[in-house]
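The chain contents come next:
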Amino acid sequence: MNQHRAISEETVAGRLASFAATAAPPPAAVAVSRRLLLDICGLAFAARHEPYTSAALASAAGTGPCTAIGHARGLNLYDAALVNGTAAHGEDYDDTFEGGPVHAGVVVVPAALALAQHRGLDGTAVMRAIAIGAELMSRLSLVAPQAIHKAGFHPTAVIGAMAAAASAGAAIGLDRVRLAHALGIAGSLASGIIEYLADGSWTKRLHPGAAAQAGLRAALLAEGGFVGPATVFEGDHGFFRAFAPSKTANFAPLLDGLGADWIMPTIAFKPYACGTMTQPFIDCAIALARQGVRAEEIVSLTCKAGEGTVHRLWEPLAAKQAVPNGYAGKFSTPFCMAVGFLDGAAGLVQFTDAQTRREDVRALAAKISYEIDPADEYPRNFTGHLRATLTDGSVREIRQPHMRGGAREPLSDAELVAKFNANVAFGGGDAAAAAALHAAIDAIAGGGKVALGESA
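All values reported here derive from a predicted model rather than from experimental measurement.

Definitions and limits used
Residues numbered from 1 in each chain as written. Predicted model: local features only at pLDDT ≥ 70, side-chain atom pairs only at ≥ 80, totals over all residues. Heavy atoms only, no water. UniProt positions renumbered as here; feature names shortened; annotations may be inferred. Helix = DSSP H or I, 4+ residues; strand = E, 2+ residues; numbered from the N terminus. Pairing = 2+ DSSP bridges. Axes fitted to C-alpha atoms, helices over the stretch in contact; angles between N-to-C directions. Contact = heavy atoms within 4.5 Å. Parallel < 35°, antiparallel > 145°, perpendicular 65-115°, else oblique. Nonpolar A, V, L, I, M, F, W, Y, C, P; charged D, E, K, R; others polar.

## Examining the UniProt feature "domain: MmgE/PrpD N-terminal" (unreviewed entry) in the protein
Reasoning step 1: Annotation from UniProt places "domain: MmgE/PrpD N-terminal" (unreviewed entry) at residues 17-250.
Reasoning step 2: Taken end to end, residues 17-250 is 60% helix and 2% strand, and its two terminal C-alpha atoms sit 18 Å from one another.

This is the structure we're talking about:
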């Protein structure tokens, strides 16, 4: 018989497993879990006819009891998680934990929904699983901030697999030992590189669905008795050595106060359909336009930016000023600012491929550059800034001190519902479809049956 290290309470996986097995989410965590469920379901519906969703759906192997949101075809556990996670993240309009940054809802919501339909679990199990998964994903993102990106990996993808494993294991009632094994297994299933930044290709969209799928597989393997490494997080060949080698892992933000002080209630909900760190800069651009400044009056826009954002959102600058497609535009601060300034909005319609070919957008984006601000608070806080030099020689300066939609200025319930309704409409659903999906979400959040309905 093969020998393996016992799962100790002293290992990081053991500590996280104890939390997942026993956690009772407080009211604030329950409230944010409900918001995550609403936002993610609306986003999945919005992208139901997009080509990347169709491709994910075409890859499904067979049928089953699980819902692909907005589709009549039932899928198996793994395929439903993959399709819904890919669709919901497809337009980069989903939630963000600012300290990471990571997108927790788009991983744990699809995993929890698929598992509930596969096992016949009720909404109570789903909501607890969402809260636990989002809490662990948020905390894990603080262990080695920025180092996962620096190593070329997508934090949502790799951390997401671990969070989904804990979330799924909690939902099906795994004990502490099997939950810890699920985490150990998930460490070998985690993946996701950020080379999509080079050309706006689709792999980032896939990452949350793949992470949800990996976490589910890890939890069910552990349930069946499969064994994972006890020191998956802190070991010499462990998770953070592999995915964040440039920093020594600091497990204090992960473990201190775990179960007592919940941080996932600070998760931000995006007002704009693009990369999180671009959003305060869009606010600055829209504010400049509202001052009556016209695009032709602008000589240059120089922005102060955090160094940790530059390699993803600003460089190479010439390429970010002339993006090849709408998806690449979501990760270009110059494009996001230009379209925000000109349209006064940065919703789903601002990031089509046609928008990137607009002469006015390209002309303005070419005037936008950056300088690194050593005092920038990233990743603890996402801020925006611009200094506009105008043709008359005057200078306008605008700052946005935080991300709208985040803990410092959260979206209201009405704003989040309006976003949900707009997303359903974008996906071709009418008011009745939006109402039906919203009612199904309310039933799940209230502890009832997990039935999201089908709408072809």
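## Examining the sheet that holds strand 5 (residues 384-390)
Reasoning step 1: Read across the open sheet, the four strands follow the order 4-3-5-6; overall the sheet is mixed. In this open sheet, the two strands that pair with only one neighbour each are strand 4 (368-372) and strand 6 (395-400). Averaged over all neighbouring strand pairs, the angle between strand axes comes to 20°, with direction disregarded.
Reasoning step 2: As paired elements, strand 3 (residues 298-305) and strand 4 share five bridges and run parallel to each other. Note that in strand 4 the partner of Leu 301 across the bridge is Ile 368.
Reasoning step 3: Contacting strand 3, strand 5 and strand 6, helix 13 (residues 279-290) crosses the sheet at an angle of about 35° to strand 5.
Reasoning step 4: Along the sheet face, helix 17 (residues 333-343) touches strand 3, strand 4 and strand 5 and points at about 130° away from the line of strand 4.

## Section: unusual backbone geometry
Reasoning step 1: Backbone torsion omega between Gly 100 and Pro 101 reads -5°, so that peptide bond is classified as cis.
Reasoning step 2: As for its position among the elements, Pro 101 is in the loop between helix 4 (77-89) and helix 5 (105-119).
Reasoning step 3: In this chain, Glu 315 is followed by Pro 316 through a cis amide linkage whose omega measures -5°.
Reasoning step 4: For Pro 316, the position within the fold is in the loop between helix 14 (307-313) and helix 15 (317-321).
Reasoning step 5: Positive phi values are uncommon outside glycine, yet Asp 92 reaches one of about 55°.
Reasoning step 6: Looking at the element boundaries, Asp 92 is found in the loop between helix 4 and helix 5.

## With respect to the packing of helix 3 (residues 51-58) against helix 4
Reasoning step 1: For the pair helix 3 and helix 4, the least separation of the axes is 9 Å and the interaxial angle reads 175°. By the angle between their directions, the pair helix 3 and helix 4 is classed as roughly antiparallel. Contact residues: helix 3 offers Tyr 52, Thr 53, Ala 56 and Leu 57, while helix 4 offers Val 83, Thr 86 and Ala 87.
Reasoning step 2: When the residues that make up the contact of helix 3 with helix 4 are grouped by side-chain class, the tally is five nonpolar, two polar and no charged.

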